[in-house]
Every structure is written in structure tokens, then in C-alpha cells.
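Observations on the three-dimensional arrangement
Listed here are the chains, written in short residue letters.
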Amino acid sequence: MLILIAGITGMCGQPCARAALAKGHQVRGIGRNPDKLDADVGSKLESFVTTPDMTDRAALDKAVKGVDAIICALSYLPEVVVDVQLALLRVAERAGVKIFHGASWNYDWTKLQLGDHENYDAYLAFHRTAQLTSSIKPIYGFTGSIIEYIFYWTDRAKPLDKDTHTVPYIGTGDEKYIYITVDDLAAYTVAAIEAPGAAQGGNYYVESFRCTIREFAQMYGQARGGLEMQLRCDASTEMAEEMLAEARRTTDPRNWQKYIGLAYVTLMNNKKIDFDAVDSKRWAGQVKQTSLREWFEQHPDV
Ligand SMILES: NC(=O)c1ccc[n+]([C@@H]2O[C@H](COP(=O)([O-])OP(=O)(O)OC[C@H]3O[C@@H](n4cnc5c(N)ncnc54)[C@H](OP(=O)(O)O)[C@@H]3O)[C@@H](O)[C@H]2O)c1
């Protein structure tokens, strides 16, 4: 297949490109800055369409010409998930592209209503608009938290402090959380667009591993040669719900990133966005799940 990856320069885009190339596909990229590509990806692309404006119709038309599938690996920002992704969907419709992996790789937002989670609102809005208006039936992937994101890519607090050997948490410490590595995510994404029926769209549910914060701390300690990690409860789930309600009352919604962590933890702890990773079982022959122990061992800097 010839696969277009929008957002190919990003955290998920590059691993998706590597996974697609490893399966023998041709990969085309579109983005604002090809210099952000690692050489091993950049040198193997079929082509790269550079555009300063990701909604530019001529650039998008050029990017989708002749492609068999599109992976939208663009940023999570609502203006990108809605505006840019809709522009991409419209050119894909006109070009007759049938397989469209929509922006996703989240906890299961299909169970939510608008207003439950500021960031997931954008995914729901795109999903519903596509459903109501498009001949394309997108695929959406549900993966839980991307472990590289929480350790390397976000400014939000890290899940553990390796200097003080502390693991902070909200809730009881016994809630199970779902995680995926970017490489597993990329392999599942390629499996999803290769699957028979990919053009019919739908959701898939996968994970690398799931664990409680206690198990997370314990595994980190074991992977670091028997380090004793201290758990620190920062708030109950109920307290976090109150803090979230107060933040929503007092914060301009455009500053949603300041309090979105509270929306995540309360929805996760209340199992509102949980899922069974049924497709990890379905694709067990194609994708080997990375364990938490393996991931810690592969990332000694964490
Ligand atoms: N489950 C999780 O823990 C988790 C965490 C993070 C992300 N995600 C999901 O993964 C997907 C990809 O996220 P990511 O973190 O890989 O993305 P990212 O690295 O933040 O961004 C991907 C690319 O999007 C382009 N981009 C950024 N801002 C843009 C803008 N304003 N207009 C146009 N293009 C823009 C950039 O490409 P250029 O600069 O080259 O144009 C960037 O390299 C998102 O849908 C997100 O929801 C999930």
C-alpha cells in the first residue's frame, strides 16, 4: 500500500512510518517541517509534501493523490483534531481514499458526552461529523496512555520521581491503568489499516500492559536493581473531582490544558473510559506486546 502519514514528524508519526516501511509499504508524509524527520525515516519516504498550512487544499490534494490509506498522526490540539483533520478527510473523499485511520490512540472516548473531557470533545466532534457527512468510515484506535508521552513528551508531572524514589498518585492506588508503547501502537496501527474490512472503519482496542500504580512502582524498583519506591497519595478521587469542578468554574476553557490531568484521572479512576484490549488478542500473532519490565529495561534514563 501507499500510506500517507499526516503528522509524520511527531511522536507517533515516525514510529508509524517505521512500522509501515518494515511491512513493505510505501510511505508519504505531509507536514510543515521535514527537517524534524529522523534520517532513517526521511531517507525512505516515497515523498514528502511540505506546507506551512496544513489546511491548504492544494497541498492536501497533492498529498492524498494515489494513496491507499491515510494515518492521521497529527497533534492532539483541538484545532488540529477538528480543523486540520476535517480538511484532510474532505480531500481524501474527493480523491477516493477508502482507508482513513483517524486521530485517536486514546482511552475510550466513545463512552463520553461533550463536556466530560475537554480534549476528547474534539475527537467526539470529528467522529460525529465524519459519521454524519462523509463517505469515508474512519478507524479509531484505543490504546490507553502512551508511556513515552508521559515520560518524555509532556510537561505535566512525571509518574515517578527517580531522585526521591517517590511515586505520587490520586485515588486508592489500586486502580488499573492501561498503557501502550509507541512502537506497539505503530504496529497495531499498521495491522488495523491492513486488516480486511479496514475500509469499513470502526474501533480497535489494544494495550501493551495494564497495572496499578503500586505494581508500576514495584516493577520500576525491580528493574532498577531492587530500588525501594515510596507511594504518595496526593488526593482521593473525590477530591480530584472537586478540584476539577472548581478549575472548570474558574478557568477560561481555552486554558483547558491546565486542568486536563484531573479530567483524565477522575474518568480513569471511575472506569468511565476503560476498555478490554480485545484486539491485542486478535493480533497476538502479528504484534508482540511489550511488558512494563521490558520497557523500563529499554529506557534506563527513566
Ligand atoms: N494516549 C496518550 O497518552 C496520547 C498522548 C499524546 C498523543 N496522543 C494521541 O496521538 C496522536 C498524535 O499525537 P503526537 O503526540 O504524536 O503528536 P505531536 O507529536 O504533538 O504532533 C504531531 C505532528 O502534528 C503537527 N502539528 C502540531 N501542531 C500543529 C498545528 N497547529 N497545525 C498543523 N500541524 C501541527 C506537527 O507536524 P509538523 O510540525 O511537521 O507540521 C507534529 O509533528 C494524537 O491524536 C493524540 O491524541 C495520545
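The name recorded for the protein in an unreviewed UniProt entry is NmrA-like domain-containing protein, from Diplogelasinospora grovesii.

Scanning the protein for helices and strands turns up 12 helices and 12 strands. When the 302 residues of the protein are sorted by exposure, 54% land in the buried category. By sequence separation, contacts in the protein at least 24 residues apart represent 76% of the contacts at least 6 residues apart. In the form shown here, the protein has an accessible surface area of approximately 13800 Å², with 51% of it arising from carbon and sulfur atoms. For the protein, the distance from the average site of its 33 positive side-chain charges to the average site of its 39 negative ones is 5 Å.

Centre-to-centre distance and the angle between the planes together describe a pair of aromatic rings. By the definition in use, this model includes 22 aromatic pairs. Here the aromatic rings of Phe151 and Phe216 are separated by 6.3 Å at their centres, their planes lie at 10°, and the arrangement is stacked. Of the two residues, Phe151 is situated in helix α6 (residues 147-153) and Phe216 in helix α8 (residues 213-223); the sequence distance between them amounts to 65 residues. A centroid spacing of 6.2 Å and a plane angle of 35° characterise the contact between Tyr188 and Trp283, whose relative ring orientation is tilted. One end of the pair, Tyr188, is in helix α7 (residues 182-194); the other, Trp283, is in the loop between α11 (278-282) and α12 (292-298), with 95 residues separating them in the sequence. Taking the relative accessible area as the measure of exposure, Tyr188 reaches 1% and is therefore buried. Chaining the aromatic ring pairs together yields one cluster made of Tyr107, Trp109, Tyr120, Tyr123, Tyr140, Phe142, Tyr205, Tyr264 and Phe275.

Let us now look at the side chain of Asp108. Inspection of the secondary structure assignment puts Asp108 in the loop between β5 (99-101) and α5 (118-133). Buried charge Asp108 goes without a salt bridge, the closest partner of opposite sign being Lys111 at 4.0 Å. Residues in contact with Asp108, not counting those within four places in the same chain, are Phe142, Tyr205, Lys272, Ile273, Asp274 and Phe275.

Counting 76 residues, the largest nonpolar core has Ile70, Leu88, Phe216 and Phe296 as its most contacted members. A per-element tally of this core places helix α4 (residues 78-95) first, with nine residues. Inspection of this core shows a minimum of three residues originating in each of domain 1 (2-144 + 181-208 + 275-289) and domain 2 (148-176 + 211-269). Within the second largest apolar cluster, 37 residues are counted, among which are Met11, Ala17, Ile180 and Tyr188.

Glancing now at the packing of helix α1 (residues 13-22) against α7. Between α1 and α7, whose axes approach to 8 Å, the crossing angle comes to 55°. Comparing their axes, α7 and α1 come out oblique. Regarding α1 and α7, the two cross each other, and that crossing is right-handed. Contacts between α1 and α7 involve Pro15, Cys16, Ala19 and Ala20 from the former and Val182, Asp183, Leu185, Ala186, Ala187, Thr189 and Val190 from the latter. A per-class count over the contact of α1 with α7 returns nine nonpolar, one polar and one charged.

Domain annotation of the protein identifies domain 1 (2-144 + 181-208 + 275-289) and domain 2 (148-176 + 211-269). Taken together, the contacts link 14 residues of domain 1 with 12 residues of domain 2. Interface area for domain 1 against domain 2, summed over the two sides, is near 1200 Å², with a carbon-plus-sulfur share of 65%. Taken together, domain 1 and domain 2 are joined by one salt bridge. Between Glu118 and Arg248 there is a salt bridge; the shortest N-O distance is 2.8 Å. Counting across the domain 1 and domain 2 interface gives five residue pairs in polar contact (both at pLDDT 80 or more). At three residues, the largest contribution of residues to the side of domain 1 that touches domain 2 is made by α5. Across the side of domain 1 that touches domain 2, the residue classes tally to eight nonpolar, four polar and two charged.

As a rule of thumb, non-glycine residues mostly have phi less than zero, and peptide bonds are mostly trans rather than cis. In this structure, Trp105 is a non-glycine residue whose phi angle is positive, near 60°. Structurally, the position occupied by Trp105 is in the loop between β5 and α5. Its identity as a non-glycine residue notwithstanding, His165 has a phi of 60°, on the positive side. The residue His165 is located in the loop between α6 and β8 (166-170) in this model. On the basis of relative accessibility, which here comes to 27%, the residue His165 falls in the partly exposed class.

Parameters and conventions
Residues numbered from 1 in each chain as written. Predicted model: local features only at pLDDT ≥ 70, side-chain atom pairs only at ≥ 80, totals over all residues. Heavy atoms only, no water. Helix = DSSP H or I, 4+ residues; strand = E, 2+ residues; numbered from the N terminus. Buried < 20%, exposed > 50% of the residue type's maximum accessible area, 1.4 Å probe, protein only. Contact = heavy atoms within 4.5 Å. Areas by Shrake-Rupley, 256 points an atom, 1.4 Å probe, with all protein chains shown as cover. Lys, Arg positive; Asp, Glu negative; His and termini not counted. Charge placed at Lys NZ, Arg CZ, Asp CG, Glu CD. Phe/Tyr/Trp six-rings, centres within 6.5 Å; stacked < 30°, edge-to-face > 60°. Salt bridge = Lys/Arg side-chain N within 4 Å of Asp/Glu carboxyl O. Core = buried A, V, L, I, M, F, W, Y, C linked by side-chain atoms within 4.5 Å. Domains from an automatic or database assignment. Axes fitted to C-alpha atoms, helices over the stretch in contact; angles between N-to-C directions. Parallel < 35°, antiparallel > 145°, perpendicular 65-115°, else oblique. Left-handed = near helix turned anticlockwise from the far one by under 90°. Nonpolar A, V, L, I, M, F, W, Y, C, P; charged D, E, K, R; others polar. Buried area = accessible area lost by both parts, 1.4 Å probe. Polar contact = N/O pair within 3.5 Å; in protein donor to acceptor, adjacent residues only side chain to side chain.

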